[in-house]
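Coordinate inspection notes
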There are 2 protein chains.
Amino acid sequence: MRISELSRHTGVSVASIKFYVREGLLPNGVATAANQAEYGDEHVRRLRLIRALMEVGGLSVARVRTVLGVVDDTEAPLHEAFGEVMHGLAEPPLPDPPERLRPALEEVQTWIRSRGWTISPEAPAPYVLAGLIATLREFGLPASIGELDAAADAALVIAETEVQFARAMPDRTAAVETMLIGTVGYERTFAEVRRIVLEATSAEVDATITKRARGRAKRRAAR
Amino acid sequence: MRISELSRHTGVSVASIKFYVREGLLPNGVATAANQAEYGDEHVRRLRLIRALMEVGGLSVARVRTVLGVVDDTEAPLHEAFGEVMHGLAEPPLPDPPERLRPALEEVQTWIRSRGWTISPEAPAPYVLAGLIATLREFGLPASIGELDAAADAALVIAETEVQFARAMPDRTAAVETMLIGTVGYERTFAEVRRIVLEATSAEVDATITKRARGRAKRRAAR
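Just so it is clear, the structure is predicted and the values come from calculations on it, not from any experiment. (Residues numbered from 1 in each chain as written. Chains lettered and ligands numbered in written order. Predicted model: local features only at pLDDT ≥ 70, side-chain atom pairs only at ≥ 80, totals over all residues. Heavy atoms only, no water.)

1. Observations regarding the overall build of chain A
Counting secondary structure elements, chain A contains nine helices and two strands. Helices and strands appear in chain A in the N-to-C order α-α-β-β-α-α-α-α-α-α-α. Its C-alpha atoms give chain A a radius of gyration of 24 Å, clearly above 17 Å, the size a compact globule of 223 residues would have. For chain A, the spread of C-alpha atoms along the three principal axes comes to 90 × 45 × 35 Å. By residue count, 46% of the 223 residues in chain A fall in the buried class. (Helix = DSSP H or I, 4+ residues; strand = E, 2+ residues; numbered from the N terminus. Rg over C-alpha atoms; globule rule 2.2 N^0.38 Å. Buried < 20%, exposed > 50% of the residue type's maximum accessible area, 1.4 Å probe, protein only.)

Structure (structure tokens):
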């Protein structure tokens, strides 16, 4: 199909498609004339992935380029590729954690070992997590192993299904893409559900307090 | 304290402090001479909040301005303020959901009612959630009420503690700030823990598959 058809088919503007090609996120179409190129299903699929990463994951062009590089590197074993796409989603960790993060980082690493998990030493998640724990504590909010365990137990409910689901995809590219979209998609889904739950809980707590206050006022008036 | 001391105390550069003042995120210091201003503890606290929102929440300057506006509006009842800071974290929803999102949006709204929750009709979370569900399904990933219930049940474990914790803060500003940092901080924490769990699960699945394949090869060799 021509670039205009690709645009109609995916809802992505021609200008954006050209931008993604220039930025190396989308392969060029096959040139058919001086000023014309032909695009195929692989372009539709790739465009859909780029948009999902940007819109759902909030990823920058540079981050998208990094994770697409992993998707396209068919040499790496599947498990390594799964790890690398997830690592590619985060900003690379500082080589030497600042003093402020060191105690939290040690706690996180001890916790990971105590749960019997193996992750790559290059995984940025423990560093990011240490920063989050330090920030929560600076604001007086609880951030202990109890909180981490609760989050992990919730994640474990669907983690194996998710990994097996990705592995069952018809080809390697689809498997890595699925792992990638699952990672960013479900974490945003959890976050939005959490916001709904927090607002509903706040409404319930508020209603209970108002009801109690009314009850007290009534009893006082009855005396 | 002078601006240079405020910078040393918070680790935020003088240029960034001046930028936040210009952008209306941080109040001006009290002018003490033509080219000098005095900053206090409220500036330290506000700077810490701005940085946490940007670094933990990944919020843009415009979003930070919106949520700080809610923190500073002491007229609104506390429960409303809790809702509004959470709404301020998301991009405002489109007034009319595109056709693509309508079925998912109806499912989300029916689900919220079935759980007996009350949230503001202005809450953007159901719209964002509908978009996420539509995207996950486009990639063939499961996004049913079962997935939403699992996420909600995990969130409910700490939601009431979190709301009560914020309400117990010594003043209204601290209560709203706590709700805000708790919302962005715990959702990022959950996401990072999930990445660790996924990578560890992928490693376990991979090890099991490799072991089984080795077992099969051995049995074949023994025949």
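Picking up after the structure, the text goes on.
2. Let's talk about the interface of chain A and chain B
Contact residues are listed per partner, giving 73 residues for chain A and 73 residues for chain B. With both sides pooled, the region where chain A packs onto chain B buries about 7,100 Å², and carbon together with sulfur makes up 73% of that total. Scanning the region where chain A abuts chain B turns up six salt bridges. Between aspartate 206 of chain B and arginine 167 of chain A there is a salt bridge; the shortest N-O distance is 2.3 Å. Summed over the shared surface of chain A and chain B, the result is 18 residue pairs in polar contact (both at pLDDT 80 or more). Of all the secondary structure elements, the ones that give two or more residues to the side of chain A that touches chain B are α3 (41-55), α5 (78-88), α6 (102-114), α7 (125-138), α8 (145-167) and α9 (172-222) of chain A. At 28 residues, the largest contribution of residues to the side of chain A that touches chain B is made by α9 of chain A. (Contact = heavy atoms within 4.5 Å. Buried area = accessible area lost by both parts, 1.4 Å probe. Salt bridge = Lys/Arg side-chain N within 4 Å of Asp/Glu carboxyl O. Polar contact = N/O pair within 3.5 Å; in protein donor to acceptor, adjacent residues only side chain to side chain.)

3. Focus: the packing of aromatic side chains
Counting across every chain of the model gives four aromatic pairs over all chains. Between tryptophan 111 of chain A and tryptophan 117 of chain A the ring centres are 5.2 Å apart and the planes differ by 90°, which places this aromatic pair in the edge-to-face class. The ring of phenylalanine 139 of chain B carries arginine 48 of chain A above its face, with NZ or CZ at 4.6 Å from the centroid. Taking the ring centre of phenylalanine 190 of chain B as reference, the NZ or CZ of arginine 194 of chain A above it sits at 5.9 Å. (Phe/Tyr/Trp six-rings, centres within 6.5 Å; stacked < 30°, edge-to-face > 60°. Lys NZ or Arg CZ within 6 Å of the ring centre and 35° of its normal.)

4. Concerning the relation of the copies chain A and chain B
If you rotate chain A by 180° and push it 0.0 Å along the axis, it lands on chain B with an RMSD of 0.0 Å. Interpreted geometrically, this transformation is the action of a two-fold axis. Every residue of chain A has its C-alpha some distance from the rotation axis, and the shortest such distance is that of alanine 154 of chain A, at 2.9 Å. Interface residue correspondence from chain A to chain B reaches 100%, placing this contact among same-surface, isologous pairings. (Least-squares fit on C-alpha atoms with pLDDT ≥ 70 in both.)

5. Topic: the confidence of the model for chain A
Residue and element names in this part refer to chain A. Put simply, chain A has an average pLDDT of 89, and 98% of its residues get 70 or more. Per-element confidence in chain A ranges from a low mean pLDDT of 86 for strand β1 (residues 30-33) to a high of 95 for α6. Overall fold confidence (pTM) sits at 0.87, and the ipTM for the predicted complex is 0.88. (pLDDT = per-residue confidence, 0-100.)

6. Comments concerning the pairing of strand β1 (residues 30-33) of chain B
Note on strand geometry: in a regular strand, side chains alternate between the two faces of the sheet. Residues and elements named next belong to chain B. Here three bridges tie β1 to strand β2 (residues 36-38), and the two strands are oriented antiparallel to one another. Within β2, the residue paired with alanine 33 across the bridge is glutamine 36. What sits between the antiparallel neighbours β1 and β2 is a turn of two residues. (Pairing = 2+ DSSP bridges.)

7. Section: the nonpolar core
By size, the foremost hydrophobic cluster in this structure holds 132 residues, and its most contacted members are Leu53 and Leu129 of chain A together with Leu53 and Leu129 of chain B. The contact partners of leucine 53 of chain A, leaving out residues within four places of it in the chain, are Gly58, Leu59, Val64, Val67, Leu68, Leu180, Ile181 and Val184 of chain A. (Core = buried A, V, L, I, M, F, W, Y, C linked by side-chain atoms within 4.5 Å.)

8. Quick look at the packing of α9 of chain A against helix α9 (residues 172-222) of chain B
What describes two packed helices is the angle between their axes and the distance between those same axes. Direction vectors running N to C along α9 of chain A and α9 of chain B enclose 150°, while the axes themselves pass 10 Å from each other. On the basis of their axis angle, the class for α9 of chain A and α9 of chain B is roughly antiparallel. Crossing angle aside, the handedness with which α9 of chain A passes α9 of chain B is right-handed. The segment α9 of chain A lies against α9 of chain B, with Met179, Gly182, Thr183, Tyr186, Glu187, Arg188, Ala191, Arg194, Arg195 and Leu198 of chain A engaging Met179, Gly182, Thr183, Tyr186, Glu187, Arg188, Ala191, Arg194, Arg195 and Leu198 of chain B. (Axes fitted to C-alpha atoms, helices over the stretch in contact; angles between N-to-C directions. Parallel < 35°, antiparallel > 145°, perpendicular 65-115°, else oblique. Left-handed = near helix turned anticlockwise from the far one by under 90°.)

9. Some thoughts on a positive patch on the surface
Taken together, the side chains of Arg212, Arg216, Arg219, Arg220 and Arg223 of chain A make up a positively charged region of the molecular surface. Residue position: arginine 212 of chain A is located in helix α9. (Patch = residues over 30% accessible without salt bridge, like charges linked within 9 Å, V, L, I, M, F, W, Y side chains within 5 Å. Areas by Shrake-Rupley, 256 points an atom, 1.4 Å probe, with all protein chains shown as cover. Lys, Arg positive; Asp, Glu negative; His and termini not counted. Charge placed at Lys NZ, Arg CZ, Asp CG, Glu CD.)

10. A word on the pattern of salt bridges
Residues and elements named next belong to chain B. Tallying each qualifying case throughout the model produces 30 salt bridges over all chains. Across the salt bridge formed by aspartate 72 and arginine 46, the nearest N and O atoms sit 2.8 Å from each other. One end of the pair, aspartate 72, is in helix α4 (residues 61-72); the other, arginine 46, is in helix α3 (residues 41-55), and 26 residues separate them in sequence. Residue class for arginine 46 comes out buried when judged on its relative accessible area of 9%. Between aspartate 153 and arginine 115 there is a salt bridge whose closest N-O contact spans 3.0 Å. You can see aspartate 153 sitting in helix α8 (residues 145-167) and its partner arginine 115 sitting in the loop between α6 (102-114) and α7 (125-138), a full 38 residues away along the chain. On the basis of relative accessible area, arginine 115 is assigned to the partly exposed category, the value being 26%.

11. Section: the side chain of threonine 178 of chain B
All names here are of chain B. If you trace the backbone, threonine 178 turns up in helix α9. Judged by relative accessible area, threonine 178 falls into the buried class, the value being 7%. In terms of polar contacts, threonine 178 uses its side chain to reach the backbone carbonyl oxygen of alanine 174, at 2.6 Å.

12. Side note on α8 of chain B
Between its first and last C-alpha, α8 of chain B extends 31 Å over 23 residues, near the 33 Å set by a 1.5 Å rise per residue. Along α8 of chain B, the sharpest kink reaches roughly 40°, centred on isoleucine 158 of chain B. Taken together, the buried residues of α8 of chain B touch α8 and α9 of chain A together with α5 (78-88), α6, α7 and α9 of chain B. (Expected span 1.5 Å × (residues − 1). Bend = angle between axes of the 7 residues up to and from the residue.)

13. A look at α5 of chain A
In an α-helix there are 3.6 residues to a turn, and that puts residues three or four apart on one side. Extensive coverage of α5 of chain A is indicated by the burial of eight of its 11 residues. For α5 of chain A, every residue scored as buried is listed here: His79, Ala81, Phe82, Gly83, Val85, Met86, His87 and Gly88 of chain A. Packed against the buried residues of α5 of chain A are α4 (61-72), α8 and α9 of chain A together with α9 of chain B.

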